[in-house]
Amino acid sequence: MAPPPMVCPDDPLATETRSPQSREGDHEKLAKVHFKILKGHSAAVTSCHFCFDETKVLSGSYDSTVKLWDIASAACIQTFEGEHTGPVSECCLSPDNKRLITASYDKSLRAWDTETGKVLWTLEQDGLLTSCHISHDGKYVASCSDLENALFICGVEDAKKVAYVKEYHRSTVRRCRFDPQNQRIATVSSDMSLKLWDIIAQSTTVTIERAHTNAIADCRFSLDGHYLCTAGWDEVIKLWDIRTGEFRSHGPIILDQGHIGIVGCCDISKDASLVVSGGYDKTIIIWDSREAYKKICLKGHADWVTDIALCSNKKWLVSASKDCTLRVWDIANAHEIPVVVQAIRTRGSKLAKCEECKKSFLLFHNDEDKVEINCVFCRLASYKETVLPDPPPLPPLPPDF
């Protein structure tokens, strides 16, 4: 009998998974958001991404496999299996779609040829791997290990080590992400901190201690690298202006009062106008990040939403869940959905056009004493402050932290 799959310490996904259920009609009736359900994994789905010009979806699972799905037919067209002996915590494709990288709780990082399905190289590590990500130029892969709370960087083609940073965080590193310029890697951790590692300088350039008030589960960059979105177990999503250092004096944009319980995943659109998040409450929330406004809550998954991704044109999003399924949601006309329109009316807001970027944003009645002519992003940029040096470290944490 095969041993049970390995699980990550204090990982909430480690609990028993219910069998998948058909929940096609369980989204908000007024929303009328169409979706497709992708069924085929036999355990919790941990990772999902659009790929191949966004005609396909890639997913990783606790069943130790990675699957490639065709969106049009909602069918699995390829399965990468037979190599990992533990749950796949995350998977990602190179920009040219030729290389698949998988991280697993079996303590291995593997590179696959997507055409043949064969493993090209394997790196065994001492700890369970919690995350992996390929740089946008396809040259490097970053991964995180729970042992020594480490960050590891190597070459995609030859697995040659670039950096191995031990005790990078004080607790488990939950997620790692390259910025679009392939210069920095963002990491978030159960220690509630956010860090940016510079590949060239081989050092940390930004550290935000206590970025959240509980463990941070996920992080994503906007396309220009200006904003970094983080999701925390404190029920909050935050949007950090990391290019100008605005977070040091003004703090992040906070998106809250959406999820009930842990927020486990997030993504941000290329233009940073939309943020999507998924949580323990089985829901997906679409946010208008320009005015920190919750647009709509999507329901349908029968269990925890573990990962989420937006396509580049903001018309589709894909979600992964502990209920063993994925869902591809059609959100192209989200701004016309009745519940969104009604919520805007209830809040007493109206649309205005930003004089700086020419994009529409919500203007609330409580702002009428000071009429805004620019959206919140352009207002933040108008401060024109230079990047400040790292603040002094906080006092040592108490022993029982």
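Above: the structure in question.
Residues numbered from 1 in each chain as written. Predicted model: local features only at pLDDT ≥ 70, side-chain atom pairs only at ≥ 80, totals over all residues. Heavy atoms only, no water.

1. With respect to the overall build of the protein
Secondary structure assignment for the protein yields three helices and 30 strands. Looking at the 401 residues of the protein, the share that counts as buried comes to 58%. Long-range pairs, those at least 24 residues apart, make up 47% of the contacts in the protein with a sequence separation of at least 6. For the protein, the exposed area adds up to about 17600 Å²; of that, 51% sits on carbon and sulfur atoms. (Helix = DSSP H or I, 4+ residues; strand = E, 2+ residues; numbered from the N terminus. Buried < 20%, exposed > 50% of the residue type's maximum accessible area, 1.4 Å probe, protein only. Contact = heavy atoms within 4.5 Å. Areas by Shrake-Rupley, 256 points an atom, 1.4 Å probe, with all protein chains shown as cover.)

2. Quick notes on the packing of aromatic side chains
Overall, the coordinates contain six aromatic pairs when judged by the stated rule. With 5.9 Å between their ring centres and 70 degrees between their planes, F152 and Y164 make a pair best called edge-to-face. Of this pair, F152 sits in strand β12 (residues 150–155) while Y164 sits in strand β13 (residues 161–165), placing them twelve residues apart in sequence. Residue F152 is classed as buried on the basis of its relative accessible area, which comes to 10%. We classify Y164 as partly exposed; its relative accessible area is 30%. Centre to centre, the rings of Y280 and W304 are 5.0 Å apart; their planes meet at 90 degrees, and the pair counts as edge-to-face. On the criterion of sequence distance, the pair formed by Y280 in the loop between β23 (274–279) and β24 (284–288) and W304 in the loop between β25 (293–298) and β26 (305–310) is long-range, its members being 24 residues apart. Using a relative accessible area of 49% as the deciding quantity, one classes Y280 as partly exposed. Taking the ring centre of Y168 as reference, the NZ or CZ of K195 above it sits at 4.9 Å. (Phe/Tyr/Trp six-rings, centres within 6.5 Å; stacked < 30°, edge-to-face > 60°. Lys NZ or Arg CZ within 6 Å of the ring centre and 35° of its normal.)

3. Thoughts on the pattern of salt bridges
Inspection of every chain in the model, using the stated rule, returns 13 salt bridges. The salt bridge involving R170 is made with E209; its shortest N-O contact spans 3.2 Å. In this pair, R170 is assigned in the loop between β13 and β14 (173–178) and E209 in the loop between β17 (203–208) and β18 (216–221), connecting sequence segments 39 residues apart. By relative accessible area, E209 is classed as partly exposed at 27%. Linking D218 and R175 is a salt bridge whose minimum nitrogen-to-oxygen distance equals 2.8 Å. Here R175 lies in strand β14 and D218 lies in strand β18, a separation of 43 residues in the sequence. For D218, a relative accessible area of 0% gives the class buried. One connected set of salt bridges, linked through shared partners, spans E90, R175, R177, D218, R220, D267 and D307. (Salt bridge = Lys/Arg side-chain N within 4 Å of Asp/Glu carboxyl O.)

4. A look at the environment of A217
By secondary structure assignment, the location of A217 is in strand β18. For A217, a relative accessible area of 10% translates into the label buried. A C-alpha to C-alpha distance of 8.9 Å links A217 and C266, two positions 49 residues apart in sequence. For A217, the contacting residues outside a window of four places in its chain are R174, R175, V188, A231, G232, W233, V263 and G264.

5. Observations concerning the pairing of β14
Taken residue by residue, a regular strand's side chains alternate between the two faces of the sheet. Buried residues dominate β14, accounting for six of its six residues. One ladder, built from five bridges, connects β14 with strand β15 (residues 184–189); its direction is antiparallel. Across the sheet, residue V173 finds its bridge partner in β15, namely S189. Where β14 hands over to β15, the hairpin turn is made up of five residues, of which N182 adopts a positive phi near 60 degrees. (Pairing = 2+ DSSP bridges.)

6. Examining the nonpolar core
One finds I284, I286, L298, L317, W329 and I331 to be the most contacted residues of the largest nonpolar core, which totals 16 residues. Every element with two or more residues in this core is listed here: β1 (35–39), β23, β24, β25 and β26. Considering every element that reaches this core, the biggest residue donor is β26, with three residues. Discounting chain neighbours no more than four positions away, the residues touching L298 are V33, K282, T283, I284, I286, L317, W329 and I331. (Core = buried A, V, L, I, M, F, W, Y, C linked by side-chain atoms within 4.5 Å.)

7. Focus: the sheet that holds strand β27 (residues 316–321)
Ordered in space as β1-β28-β27-β26, the four strands form an open sheet in which the pairing is antiparallel. Of all the strands in the sheet, just β1 and β26 have a single pairing partner and so form its edges. Between one strand and the next, the sheet's axes are offset by a mean angle of 20 degrees, whatever the strand orientation. Bridging between β26 and β27 involves five bridges; their strand directions are antiparallel. Of the residues in β27, the one forming a bridge with A309 is V318. (Axes fitted to C-alpha atoms, helices over the stretch in contact; angles between N-to-C directions.)

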